[in-house]
Structures are given as C-alpha cells and as structure tokens.
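Reading the structure
Below are the chains, spelled out letter by letter.
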Amino acid sequence: MGELSRKLWKNVGVRATAANYYLDSNEASKRGVTMTKAKLRRSISVRRYILPVIVIAAGFLLTDILLVRAIRGYFFQLLEKQSLSYAHIYSHSLTKSREAYDLLNDLLEDKLYSASGTTALYSAHMTSESLKELAPVLGVDDIFIYSPEGEIVHSNRDEYLGWQAVPGHPVHDFLISGATALVEDIREDTESGELFKYGYFRGEGGRFVQLGIKAGRVAELLESFELGYLFHELGRLELVDRVYFVDEDLTVIASDDPGILGARRDDISAIAALASGESYAQVNFDEDRGERVYEVYVPVYTGSERSGTLVISMSTSATQAVARIASVLALVAATVVFTGLVYILASNYTHSRELVSLAYEDSLTGLPNKAHLLEYLGEELAPGREGHRAIMMVHCRNLGAINSAYGFDVGDRAIRELGKRLRAFTNANRSLFHFATNRFVLYVRDYRGKEELAELAEQIKGNLERPLECVGRQIMVRTGILELGSGCQSAMEAVTRASVALHHAETVPSGHSFSFYDSGIEAQLQREEIIAREMAEFIASPEGSLFYLEYQPKVSLATGKIVGFEALARMESPSSGRVSPVEFIPIAERQDLIVPLGYWFLETACRFISQLYKAGYPDLHVAVNISVAQLRQEDFAERVKEIVERAGIKPENLELEITESVIIEDFSDIESKLCPLRDLGITIALDDFGTGYSALARLGELPIDSIKIDKRFIDSVPIESKQSHILEDLVSMCHKLDLEVVAEGVEHEIQRQYLATIACDIMQGYLYSKPLAEEAALAKLGKFQA
C-alpha cells in the first residue's frame, strides 16, 4: 500500500492521480465554512491570547507601581540630599559664625585689656585733656582714672569728674576685689543709662583705670555674627522654606520666621531627632502651613560642645508635584507600550485567524479545503467512532477544457456553480470539501448501505451534468467511493483509496458513473503502475524486448495475395508477462507516454519496410496505428517525414491508420497535418469505421485513402441480413468515393466469400493469418507470394 500510495499521489487525473492532490495556491479562503469546527483544530482560540494579555497587564501594573515608587523615592532622595546639603552648609556657617563671634568678642576684650593697661601705666601723668585726645586713638568712648579711694580724678568726659564709687556698684566691686584686670559684659551705665562694655586695669599706688565702649559700637561689630541676624539672612536666600535654631532645652532661639521664636519642639519625632545628636531627616506635617514638610536636623557644635540643633524645613509639594508629573508620564508611557502590545496581540490574533482561514478554506467556493479534510478524517478515523462512514470523491472531468476554451474566469465561475450545486447534498450527516481544482469530496455518515451511496452518486451526477449557466456546457462526472472501516489507518490512506476507486470509475467501462473501492481495484492499479514504470524506463532507453511489433498480413480478396501488413504493438512485461494492447495502450495514454511510444512503433515499422525491400517486396505497404495524442502534436507531419527519410523508404509504402472520431472532432486541424503527408505519398486509412462517430455526409471531404470496416460488422455476416445489406451499401459507397475498403477480423470462410461477393478490396484476420513476428512474416511472404 505504501509504494502504491506514493505513486498514486503523482498519477491521478489526466495523468493518473496527480491532479487529485494538487491544491492551487489561489484556493485559500477567508469566508465561512458550512461544517462545524468545534471538534477541529482549525480555529484560533481567544483564550490563548487572554492569558498573555492578563500576564502582561499584571506585569505592567506591577512595573508601574514599582516605577511610581521608584520615581517618588528618587525625587524624595534628591530632596533629602538637597536638604542635607543645605543643612550642613548652614550648620557649618553657624559654627563658623559662632566661632567668629567668640573671636571678635575675645579680640574686643583683649583690646580693652590692652588699652586699660596702657592707660594705667601712664595714669600718673595723664590729665583730662590728654584723655580726651587719647580716647579716639584707643577707639574707646570713656576713659576714667580712679584714685585708690574709688573717685574719678581724670576723665575724657568732664561731667564725671569727682564721681565716687559706692558699695555694690561694679566699680566698687573691682576696687575691693584686688584683681589686676577685668572686662565686664555689656551693662547699663548707672549714671547715663547707656549700655557699655567696660574694662578695668589696676595701676601703681592703688590707682586703676576704667575704659568703656558703647554697646552700639560693639553691636555693630558682632551684629553680623548674631544668630538672629544670621537666620534672617539665611531666610532671605530662599533656598529652604524655613530655618531655625533649637537650643538644648528644645526652645527655638533663632529663626527666619519670628513667629516661632521661643516655641518649644516637644513633639515626639522632634525630641527623638534632637536627642540623637546626629544628622536626622524626616517628613512631618506642618500644622501651621497645613502641608507636609521635609525636615532635616543637624547638630551645631562650638568646639567640642554642642550648642544646639539647626533645623531646616522644605515643603514637599514641589517634589510631590514633580513626582506626580513624572509618575503620570511614566504611566502614560507604560499605557502606550501596553496598548501597543495589546494591539500587536490583537493583530496577531486577527492575522492568525486569517491564516487559519487561508489554510483550511477555499477562497473560490467557500468550502473546507484539502488540509481541512485531512485533519477532519484524522479525527474521524480515531478509535471509538461508530456508524457507517464513507468518502465520495467527485471528479468534474472536463473543467480543464472549459478553462482552455473560455478562460480561467469562466472556469472559476463554473467551479463556484458546481460547489453551490453540491451544497444541496449536505446535511447534518454530510460534509462537503473542495479537495482540488476539479474535485470535491462528500463525507457521509450514518448511511444505510451501499445502495444509498450508489443512489447518491447518481443524484450528484444528474445534478452536476446539467448544463452550466456560465457556459451552457455539460460537465462529465465520475465518483470514487470508499467506505471507511478498520482497514484505513490514516487520512492520507483514506483519500488515496478513494482516488483509486475514482481512477477505476474513470478508466474501466462499467455502465456506472461511480466505483466502490475494493482490494482488487487497488491490485489492478498497482499492476498499471508497474506497467507504466516499465514503459517509462523503455522510452528512456529503448533497448530490450519490452515492446515489439507483430505484423498481420492484409490479403487482396481478388488475388489472394498479401498486399501489405498492419503493424501491431505487443508488450512482454518482465513482471506481468504478456500485456494486451487493450490494457497498455490506455495506460500509455493516461501517463502521456503514448506519443514517444507511437513514434518508436512508427520507426520500427519503417525498418520492417526496409527489410521488405531487401527481401524483394518493394510494393508492399505497412499500416501503423497513430494515436490521437500524436496527431495533436504540432510537429507531427515533420516528425513522420523525418522518420521516413531516416529509414530510407518510399512514402508510398507507409500507411497511417487513424480513428474516425479524431477527424470528426477536429477536422480542420487534422486535415492540415494529414494533407502534407498525403502529398508525400503516404496513404491514410480510417480505422474502426462504423463504430458510431461517422459523418457519412462528410466522408468525401475526409483526407483519407481507405477505410477499415470494424470487426463488429464482419461478425454479423451472413447471420443478420440487414447488417449485410448495410455492409454491401457501405462498400459500394466507398468505391464511388474512390476509397479502398479493408475488412478487419475475418475469421470464417463464409465471411471471406461474402466480402468477395460485394467487391471488398482487402481482408485481414485470423482466417488467413494471425499477427506474426518479423521473421515469420517474411517467411510467410516467401511461402505464399512465390
């Protein structure tokens, strides 16, 4: 079965079964089909796409969440870095300002010490006038020289001369302290009420000197380093929203916002941050401003001692706005990408459905195609299926002729009309497929028996053979039927067997338009395949004894002598033995081998004519049968002429036999090819005359020289008197048209006598001789022609 199946796939139709399995690339379809696909794998499930979409959506959602968090975290991290950077810069500035403040204060005190000591050193020589001149030089406002009793004896300010320090006064305190020098903090002058910073120095003899600098001048020097001023300046930079300084008691002692001076930071988060002693950052809700703020706490040290904590506050609204914008942009981008992916998946789904439609449906008829059928049969052949099932392969034989005569557009319309007609035979138990260009398959389930299938095949034939609307021409229909059973193992095997049955219906005359598959048909087809292969091998290398010719004598009824021979092809197969021409000629025609075989037969016959010359019979002719396919070759006349010239024979010794059906069907074309041959001297005989194709009215127009009366007429002689009269009239008519008459199949003496009576010219048959091999034919000539 395997070898047969392989060969059968390339040898069905006009050439056995090849066309049966050829699917034109233009026969894919995007239209719906008539049968249910629920059980088949010829559709794309949307569920295959939903899961990826869900997974992708979940992935994008998770990615978006993480991305938004990352973006927010990134911007808050920037805010934290920025805030910490500002805080450390401010903290450093505060520390350095504090150190500068202390340094200036120390320098000022040193100045008071130095100026007091210098004045005390020369106090014995000083006068009030000299002190007035000295005060600007020393950069002080007041200079007082005291007596040992604490009375001002000299001063740059006359109104203070004679003033006496009383107990409890700071001057009296220094007087009785015994200290050499002292610098006071800024205090109010008891006399003038002004603020001064005073320095004292004790000289010789108990005298001491007091120098004073007004607080305003001190403030001018230290103002730039005061916390309040510094924080005011920091606020003016507008780098942060709020900056303030908290002492160790958690009290705000300096700020760019005067409204919070003196406030205590007693919230738990602030206490923890301030107590940590390290830089600390956190997000708080500012009730005063009604918004979330980012606060950074940085300890400030003067030397090794912590003097307090710098706190800067920045609103998160701008950062949150930027984060929101970035998040929205990220979400938009992700949405665009996700939408693009969904669109790609949707497009892929649509495209896949179109591909499935192209793969499993026929565009011309809208029917399921060959691929669809093979998958469907694969499932139907699975174990466990019950009920009668059958494949009916319907072949519309002459669609190719319609394409050639009317064009492919009309041919397509014809196929659509045939498909529409076949749809009428479908129901719940019948499914229709467009298997190939000119073939349809009807899958039938749950039928009663073979009789129902046979009746259905005849109904299909009757329906399809009605003239088509598009061309008004009849379609020839044949059907191969396969009943599915345990013998079929695969879909390919099933359609192969159906094709075998179809091939049998087309090649074996049976009186029916259909044929059922059986093993005998397959065996016959296998035999034909072997014969076809051997013929092809012979044509490729025409050596050996596969084919040979036998020659049957043609005898003159008037003289009884041989006037010629008919060359008859014979085949001796090494595998099948003797093969009848009735069998191998149709095989050669179906396999397109008849043309090269016919020319080989012609060349061989011409060589026999050459042998007749050598044997001394230059006037005898040899008749060779010419096939329809040969006659339709454009170069037929030229090829015959070449063969005759190559053999070195006279054209008059060659006769070509053709069937009358060829001339009647295509008279003008055949005439154009035969007339040049007749002009050369080659005679033309009309074979099998009287088999049903004759047009007696045109007999005189035919380019022929003789006719050969079919054996069926001869077999009726002399039993049927009517046939005998017809035969007599036929011979008479041919003679009037100057045509020679040859009677085939003469087997009885009474037939010979009758033919001689009605003046038939030549007879041929077993009465005189069976077909003979070349040597035997020459020998018979030597015996009877002497």
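Here the structure is a predicted model, which means the values were calculated and not measured.

**Details of the sheet that holds strand β13 (residues 430–436)**
Spatially, five strands are ordered β13-β14-β12-β15-β16 in an open sheet, and the strand pairing comes out mixed. Since the sheet does not close on itself, it has two edges, and those belong to β13 and β16 (514–516), each with one partner. Direction aside, the axes of adjacent strands within the sheet are offset by 20 degrees on average. Relative to strand β14 (residues 439–445), β13 runs antiparallel, the two sharing six bridges. Looking at β14, one finds that H434 is bridged to F440. Contacting β12 (389–396), β13, β14, β15 (477–483) and β16, helix α13 (residues 491–507) runs over the sheet at an angle of about 140 degrees to β15.

**Quick word on the packing of aromatic side chains**
In the structure shown here, the tally under the stated rule is 16 aromatic pairs. Ring geometry for F538 against F547: centres 5.2 Å apart, planes inclined by 65 degrees, an arrangement best described as edge-to-face. Here F538 falls in the buried class, since its relative accessible area comes to 3%. When the ring of F565 is compared with that of F608, the centres are 5.6 Å apart and the planes differ by 85 degrees; the resulting orientation is edge-to-face. In this pair, F565 sits in strand β18 (residues 562–573) while F608 sits in helix α16 (residues 594–615), placing the two residues 43 residues apart along the sequence. The exposure class of F608 is buried, given its relative accessible area of 0%. Feature note: the residues Y146, W163, F174, Y200 and F208 constitute an aromatic cluster, connected by ring pairs. For R202, the ring lying beneath its charged end belongs to F174, and the centroid distance is 4.7 Å.

**Things to note about unusual backbone geometry**
Phi is positive for D592, close to 60 degrees, though the residue is something other than glycine. Structurally, D592 can be placed in the loop between α15 (581–590) and α16.

**Observations concerning the environment of V628**
Mapped onto the fold, V628 is located in helix α17 (residues 628–631). Residue class for V628 comes out partly exposed when judged on its relative accessible area of 26%. As for V628 and T659, which are separated by 31 residues in sequence, their C-alpha atoms are 8.0 Å apart. When near neighbours in sequence (up to four residues on either side) are disregarded, V628 contacts T659 and V662.

**Quick look at the confidence of the model for the protein chain**
Residues with a pLDDT of 70 or more make up 81% of the protein chain, whose mean pLDDT is 81. Contacts of residues 1–40 to residues separated by more than four positions or lying in other chains number 116 contacts, the stretch itself having pLDDT below 50.

What counts as what
Residues numbered from 1 in each chain as written. Predicted model: local features only at pLDDT ≥ 70, side-chain atom pairs only at ≥ 80, totals over all residues. Heavy atoms only, no water. Pairing = 2+ DSSP bridges. Helix = DSSP H or I, 4+ residues; strand = E, 2+ residues; numbered from the N terminus. Axes fitted to C-alpha atoms, helices over the stretch in contact; angles between N-to-C directions. Contact = heavy atoms within 4.5 Å. Phe/Tyr/Trp six-rings, centres within 6.5 Å; stacked < 30°, edge-to-face > 60°. Buried < 20%, exposed > 50% of the residue type's maximum accessible area, 1.4 Å probe, protein only. Lys NZ or Arg CZ within 6 Å of the ring centre and 35° of its normal. pLDDT = per-residue confidence, 0-100.

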